[in-house]
Amino acid sequence: MKLTRRDFLKWASLSAVGAVACDIFREGEMIIQSPARMPEDLVTGRDNWYATLCGQCPEKESILVRVMEGRAKKVRGNPLYPTNQGKQSVRCEAGLQALYHPDRLAGPVARVGRRGSGQFQQIGWDTAMNTLLAQMRSNQPDAMLMITEPLRGHLGMVASKFVGAYGGRHMAFEPLDQTVLRGAVKQVFNQNTLPDFDIENTRYLLSFGADFLSTWVSPVRYARGYGEFRSNIGKERGSHVHADPRYSLTAASADQWIPISPGMEGVLALSMAYVIIDEGLADPGVAGAMTGGAGASVLDDFKPESVVSSDSPLYIGIPERIRGEDASELIRRIAREFATTGPSLAIGGGEAGAHTNGSFNLSAVFALNYLVGSVGKRPGEGGIVFNPAPPIEGIPATSPTGSVTDWLGVSDDLQNGRINLILVRGANPLHGLPPGSRFQESLNAGNPFVVSFSSFMDDTSLMADLVLPERIYLEDWSDDIPEPGPGFQIVGMQQPVVNPLPDLDPRSFPDLLLTLSQDLGLDDGLPNTFRDVLRQGAQQLFDLNRGSIQAATFEAFWNTMLQQGGWWDSDRVSTDSPPDPPSLAELAQQPSERRLPSFRAQDVDSRFFYLVPFLSNSLLDGRGAHLPWLQAAPDPLTTVTWQTWVEINPRDADEFGLKEGDVIRLISTEDHIEAVVYSHPAVPPGVLSVPIGQGHATGIRYATRGNAQRGSNPISILATEVDSETGGLAWAATRVRIQSTGRSVRVSKFEGLVPAFPIGPRAEDVVQVTRG
Amino acid sequence: MAQRMKHKWGMVVDIDKCTGCQACVVACQSENNIPLNTEDSFHQRRAMEWIRVERYWEVPDEYRDRPEEAPFQDVKARFMPVLCQHCENAPCEPVCPVFATYHNDEGMNVQVYNRCVGTRYCANNCPYQVRFFNFWEPVWPERLRNQLNPDVTVRSRGVMEKCTFCVQRVRRAETKIEGQEDGQITDKSLAEGNFMPACVQACPTNTLIFGDLEDPDSQVSRLKDDPRHYKLLENIGTEPNVIYLKKIDPRRKEDEAHG
């Protein structure tokens, strides 16, 4: 039938009248809801949720991955797992984009151009493995160095056995190493693994430098606890005070932010200790032990009135008045509240430990916990909970990283030809080491054979001779003993939730090690596959016959362990009693170079700024820079995306005639970078903050702008200052000058994308007013 | 006689717990096949976030008229997650000429993509700026398409889109839970079956709470009349189903706030 336009309109109007006419017989309004329930038309396929571990961050949260038709679709936190308890961070989700990244290496490649030229050619796995075997056979074993991210669990064991049996060296690398934090934990709490900071059950929280709600140590666990800590439903809401030279995400969430001069956190902590002891708020026995019986007088130099005076050598640089309160009175009030509102907890880390006096700062902060009786608590009591030894013998529960001092040693060895073979896995030292480590020059000078196991062409793989792409964590086996644990014994399980796509041929890194071990005839006493290694470990757990899994057979135990995402035993807590409290007198009497931060000298005539770098909330240290969701996730405070910005106080910006979008040069004694100005109303004058994460050298999608670099890397201008006790990198001890480039760009930010809400005439419309 | 709704879905946002971490934003993008927000999309002011975390700078009252002079130590950042408010009296609904946006019988404001002709009247009329128009055909590199959620339509160029309260999950809950004998949707069954909206499930601090406002035992029902509750732009009478709980600031003195 031929349908003319006129006919069509006639029929259409008739059917519309009919629809209305029929509808008037129905009660209620005209129904416009689609009977097909559009748009929520569900597909009928079956989805499976597999428990595994997330490999996006060092803390390795347990996740559930939704898999449909062999493809991973969604990541969520595993609700059973005791550390993250069903929650995840912005970074966990983006693992799916690593899995399906368009620029994943399909198979092994070998360098054909000069080193660093980025010219590679595809080779088969047999050729690649034979090349590596030939290198390992011809090489002096002690001239081999394996560089990995910090490894825990059975992977840590396999790597160390492999390296041990071969006779080489193994060093773990992370850009902002935790050497200072670990040193302070050992010194103050006598613990080899990080304790659990039980924020959930704490009522008064003092934090120094640690951006624990965003990137520090175990942010998902802390944020989950923080939500409970903040709950005022059926209980008293917890209070939080944060001291930091940078207005971080954690500072923004705190009830009170104390903007302090970089590196003066330890002095502030001792000032609070003075008030607590002087006013008799601490247990007299503990206070006596910590002061050698002398009482508050050993801390006389740290009186609040002294440390807030700009004449004092211990001046902490906080404004005279904060929200209308006198600075010294503020310190006294917080110290009193901290001592009288139990359970209370003081944590320090991040920037506070990243100075030449980092160990002093963190030791002073952690010592506060002894004054309020918060050390060595049981899980659920708030305060500091020690973690027990792992349930399986010989499995590392911690992996200390090489400090920058150790890396300087590596550079020397490279230059002197004492390292001829480097295996790199999960680490990107070329992006994460400061220029003073001389790693890049040494690599060029020593010209060792470099093998990378990265799935992507990162800054370090670009310098490699051979790249053997490993499986993404969602395709591979592993396990983990989380550090910090939740205060009791726990083992997390990682299982492959999908197979690699047909056009990709990655191999499992631990399986490659086991194969190499066999081919080289090394005696490491391990089974042939990593899955079998894990099953051996699981057998040990099964034999313990306790914990979260009750099963009659080992197979049932193994399956349940995979379903639940691991094994844990909440009754197995640490039996360590709190060690003797540290001596505040000793801390207070340390020479001033230990107590006070020092900065790499800058041109004294020029106006300098303190450079406070920080880990990006989404890209972390740069390991997420190739994932578009993470690049596009706005920074919580500035809302900037895809770029490297520098946070500057508006008055400082005015002084230099800078406005948002201006590109400036930050010049240190080492080098310079460029960044886009973001005028930030809560940045202290004289401080510049720049996120770490961008500035990659390779041409993979999203991490770079075509072949041009995206943003810049503040690590590349850090002075190689180190903590005077542990040798850890003092990454916040650099001062910079700024210089305009005369260029200006548009800031790629979310702010201003939608008009701001007229939320009402007054702030109390959104802020509950309580009696202060 | 009007039939009583079986469910009325609603959300409570406890601003006091929000740290601004962005976990909700990416969880939503992952679940709902939201186009990749490129650097250009931010420059064009066309980035799409069905849920966004707004950041406000708050200055003391005495600097309200001259915020740039406020001392840096007294400036506070405030975070506010904003998503479609699923208004009872939604300004976006009556202006749609093709009924592509309507209120369903469970209190949700729903967008029917294949009805949408792209007039953008709804986005124009939405006071919350939570509707997003596909100015371009969304593009994913071939391999990244493997991640797309099969439960959610990929919207093409010329179509308006917005938060659906993850209706695909709610529908699964209704099918799976209520399809069973004596099956009843509760907070617990929603959480256990992974039927909560993706943002709510992800939120590490439990700032976002979702549930059935018709169920007197649900957490949203208990919290909706909390003394801290308010609704965005309450005075214009849109009657949102998203209820906010005020930030608590123990250091803000009563006399200062009213001064």
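Conventions we followed
For every chain, the first residue of its written sequence is number 1, and the numbers climb from 1 along that sequence. Numbering of ligands from 1 and lettering of chains from A proceed in the order in which they are written. Whole-chain, interface and lining totals are the exception, using all residues; otherwise, since this is a predicted model, local features are given only for residues with pLDDT of at least 70 and side-chain atom pairs are given and counted only at 80 or more. Side-chain measures here rest on the full set of heavy atoms in the structure, leaving out hydrogens and waters. Secondary structure elements follow DSSP: runs of H or I of four or more residues count as helices, runs of E of two or more count as strands, with numbering from the N terminus. The size measure is the radius of gyration over C-alpha atoms, and the globule rule it meets is 2.2 Å times the number of residues to the 0.38 power. Accessible area is worked out with a 1.4 Å probe on protein chains only. A residue is then buried under 20% of its type maximum, exposed over 50%, and partly exposed in between. Contacts are assigned to residue pairs that have any heavy atoms within 4.5 Å of one another. The method behind every accessible area is Shrake-Rupley, applied with a 1.4 Å probe, and residues are considered shielded solely by the protein chains displayed. Orientation is described by lines fitted to C-alpha atoms, with helices fitted over the stretch in contact, and by angles between N-to-C directions that extend from 0 to 180 degrees. Note on angle classes: values under 35 degrees are labelled roughly parallel, values over 145 roughly antiparallel, values of 65 to 115 roughly perpendicular, and the remainder oblique. Should the near helix be turned anticlockwise from the far one by less than a right angle, the crossing is termed left-handed; should it be turned clockwise, right-handed. Each residue is assigned to one of three groups, with Ala, Val, Leu, Ile, Met, Phe, Trp, Tyr, Cys and Pro labelled nonpolar, Asp, Glu, Lys and Arg labelled charged, and all others, Gly among them, labelled polar. Per residue, pLDDT captures the predictor's confidence, and it can take any value from 0 to 100. By disulfide we mean two sulfur atoms from cysteines, separated by a distance within 2.5 Å. In this text, buried Ala, Val, Leu, Ile, Met, Phe, Trp, Tyr and Cys residues form a nonpolar core when linked through side-chain atoms within 4.5 Å. Strands are treated as partners if at least two bridges between them are detected by DSSP. Values labelled buried area give the accessible surface lost by two parts on being combined, using a 1.4 Å probe and summing over both. Each salt bridge in this description consists of a side-chain nitrogen of Lys or Arg and a carboxyl oxygen of Asp or Glu lying within 4 Å of one another. How far a helix is expected to stretch is found by multiplying one less than its residue total by 1.5 Å. In this description, one arc is meant: the one made by directions from the helix axis to the C-beta atoms. For this analysis, a ring pair means two rings from Phe, Tyr or Trp (six-membered ring only for Trp) whose centres lie within 6.5 Å, classed as stacked if their planes differ by under 30 degrees, edge-to-face if by over 60, and tilted for the remaining angles.

1. Focus on the overall build of chain A
And step 1. Each helix and strand in chain A was counted, giving 23 helices and 30 strands.
And step 2. Relative to its length of 772 residues, chain A is compact, with a C-alpha radius of gyration of 28 Å against a globular reference of 28 Å.
And step 3. Each of the three principal axes of chain A carries a C-alpha extent, and together these read 100 × 80 × 65 Å.
And step 4. A buried classification covers 63% of the 772 residues belonging to chain A.
And step 5. Counting contacts in chain A only where the partners sit at least 6 residues apart, residues at least 24 apart contribute 72% of the total.
And step 6. In the form shown here, chain A has an accessible surface area of approximately 27400 Å², with 48% of it arising from carbon and sulfur atoms.

2. Here we look at the packing of helix α9 (residues 265-278) of chain A against helix α12 (residues 327-340) of chain A
Residue and element names in this part refer to chain A.
And step 1. Packing of α9 against α12 leaves a shortest axis separation of 9 Å and a crossing angle of 65 degrees. Here α9 is positioned roughly perpendicular relative to α12, judged by the angle of their axes. Here α9 runs over α12; the crossing is right-handed. Facing Leu268, Ser271, Met272, Tyr274, Val275 and Ile276 of α9, the residues of α12 in contact are Ile331, Arg332, Ile334, Ala335, Phe338 and Ala339.
And step 2. Classifying every residue of the contact of α9 with α12 gives 10 nonpolar, 1 polar and 1 charged.

3. Focus: the confidence of the model for chain B
And step 1. The share of residues in chain B with pLDDT of 70 or more is 95%, and the mean pLDDT across the chain is 89.
And step 2. pLDDT under 50 marks residues 254-259 of chain B. Its contacts with residues more than four places away, or in other chains, come to 12 contacts.

4. Details of the packing of α9 of chain A against helix α13 (residues 358-371) of chain A
Residues and elements named next belong to chain A.
And step 1. The contact between α9 and α13 brings their axes to 7 Å, and the two run at 25 degrees. If you check the angle between α9 and α13, you find them roughly parallel. Between α9 and α13 lies a crossing whose hand is left-handed. In this structure, α9 contributes Glu265, Gly266, Val267, Ala269, Leu270, Met272, Ala273, Ile276 and Ile277 to the contact, and α13 contributes Phe360, Asn361, Ala364, Val365, Leu368 and Leu371.
And step 2. A per-class count over the contact of α9 with α13 returns 12 nonpolar, 2 polar and 1 charged.

5. Looking at the state of the cysteines
Residue and element names in this part refer to chain A.
And step 1. What the rule picks out here adds up to 0 disulfides over all chains.
And step 2. No disulfide involves cysteine 54; its sulfur sits 3.9 Å from the nearest other cysteine sulfur, which is in cysteine 92.
And step 3. Cysteine 54 sits in the buried class, given a relative accessible area of 2%.
And step 4. No disulfide involves cysteine 57; its nearest neighbouring cysteine sulfur is the one of cysteine 92, lying 5.4 Å away.

6. Thoughts on the nonpolar core
And step 1. Residues Phe208, Met272, Leu299, Leu368 and Leu584 of chain A are the most contacted members of the largest nonpolar core, which totals 78 residues.
And step 2. For this core, the element with the highest residue contribution is α9 of chain A, accounting for 10 residues.
And step 3. The residues touching phenylalanine 208 of chain A, leaving out its near neighbours within four places in the chain, are His242, Ala243, Glu265, Leu268, Ala269, Met272, Ile347, Gly348, Gly349, Ala352, Val365 and Leu368 of chain A.
And step 4. If you look at the next biggest cluster of nonpolar residues, it comprises 70 residues, including Tyr56, Cys96, Phe132 and Val242 of chain B.

7. Describing the pairing of strand β22 (residues 609-615) of chain A
Along a regular strand, successive side chains alternate from one face of the sheet to the other.
Residues and elements named next belong to chain A.
And step 1. Among the 7 residues that make up β22, 5 are buried, leaving the element largely enclosed by the rest of the structure.
And step 2. Judged from the 3 bridges that link them, β22 and strand β29 (residues 734-744) form a sheet pairing that is antiparallel. Within β29, the residue paired with phenylalanine 609 across the bridge is valine 736.
And step 3. Bridge analysis of β22 against strand β26 (residues 687-692) gives 6 bridges, and the strand direction is parallel. The partner of tyrosine 610 across the bridge, within β26, is valine 687.

8. Focus on unusual backbone geometry
Residue and element names in this part refer to chain A.
And step 1. The omega torsion across glycine 342 and proline 343 is -15 degrees, close enough to zero to call that bond cis.
And step 2. Locating proline 343 in the fold gives a position in the loop between α12 and β14 (344-348).
And step 3. A cis amide bond, omega -5 degrees, links glutamate 483 with the succeeding residue proline 484.
And step 4. In this fold, proline 484 is placed in the loop between β19 (478-480) and β20 (488-494).
And step 5. With phi around 65 degrees, threonine 639 is a residue other than glycine that occupies positive phi space.

9. Topic: the interface of chain B and chain A
And step 1. Opposite the 104 residues of chain B that make contact, chain A presents 118 residues.
And step 2. Approximately 9700 Å² of surface area, both sides summed, lies buried where chain B meets chain A, with 54% of it carried by carbon and sulfur atoms.
And step 3. Run the count over chain B and chain A and you get 7 salt bridges.
And step 4. Notably, a salt bridge pairs glutamate 39 of chain B with arginine 705 of chain A, separated by 2.8 Å at the nearest N-O pair.

10. Examining the sheet that holds strand β8 (residues 208-212) of chain B
Residue and element names in this part refer to chain B.
And step 1. Strands sit in the order β8-β1-β10-β9 across an open sheet of 4 strands; the sheet is mixed. Bordering the open sheet on either side are β8 and β9 (229-230), each of which pairs with just one other strand.
And step 2. Bridging between strand β1 (residues 9-14) and strand β10 (residues 242-245) involves 4 bridges; their strand directions are parallel. Bridging from a neighbouring strand, valine 12 pairs with isoleucine 243 of β10.

11. A look at the pattern of salt bridges
Where charged atoms from two side chains of opposite charge approach closely, those side chains can pair.
And step 1. One pass over the structure, following the stated rule, counts 59 salt bridges over all chains.
And step 2. Between glutamate 279 of chain A and arginine 332 of chain A there is a salt bridge; the shortest N-O distance is 3.3 Å. Here arginine 332 of chain A lies in helix α12 and glutamate 279 of chain A lies in the loop between α9 and α10 (284-290), a separation of 53 residues in the sequence.
And step 3. Across the pair arginine 228 of chain B and aspartate 226 of chain B runs a salt bridge, and its minimum N-O distance is 3.8 Å. Take arginine 228 of chain B and aspartate 226 of chain B: they sit in the same class, and that class is buried.
And step 4. Several salt bridges converge on common partners, so that one network encompasses Arg230, Arg237 and Asp255 of chain A together with Asp16 and Lys247 of chain B.

12. What to know about helix α4 (residues 125-138) of chain A
All names here are of chain A.
And step 1. Between the first and last C-alpha of α4 there are 20 Å, a value that for 14 residues agrees with the 20 Å anticipated at 1.5 Å per step.
And step 2. When we look at burial in α4, the residues that qualify are Trp125, Ala128, Met129, Leu132, Leu133 and Met136. Mapping the buried residues of α4 onto a view down its axis gives an arc of 130 degrees, with all of them on the same face. In α4, the exposed positions that point more than 90 degrees away from the buried face belong to Asp126, Arg137 and Ser138.
And step 3. Considering only its buried residues, α4 is in contact with β6 (144-148), α5 (153-166), β16 (421-425), β17 (449-452), β18 (466-467) and α17 (509-519).

13. Here we look at the packing of aromatic side chains
And step 1. By the definition in use, this model includes 31 aromatic pairs over all chains.
And step 2. Ring geometry for tyrosine 247 of chain A against tryptophan 57 of chain B: centres 6.4 Å apart, planes inclined by 45 degrees, an arrangement best described as tilted. Placement of tyrosine 247 of chain A in the loop between β10 (239-243) and α8 (249-253) and of tryptophan 57 of chain B in strand β2 (residues 52-58) is noted, with the two residues assigned to different chains.
And step 3. Taking relative accessible area as the criterion, tyrosine 247 of chain A reaches 1% and is therefore assigned buried.

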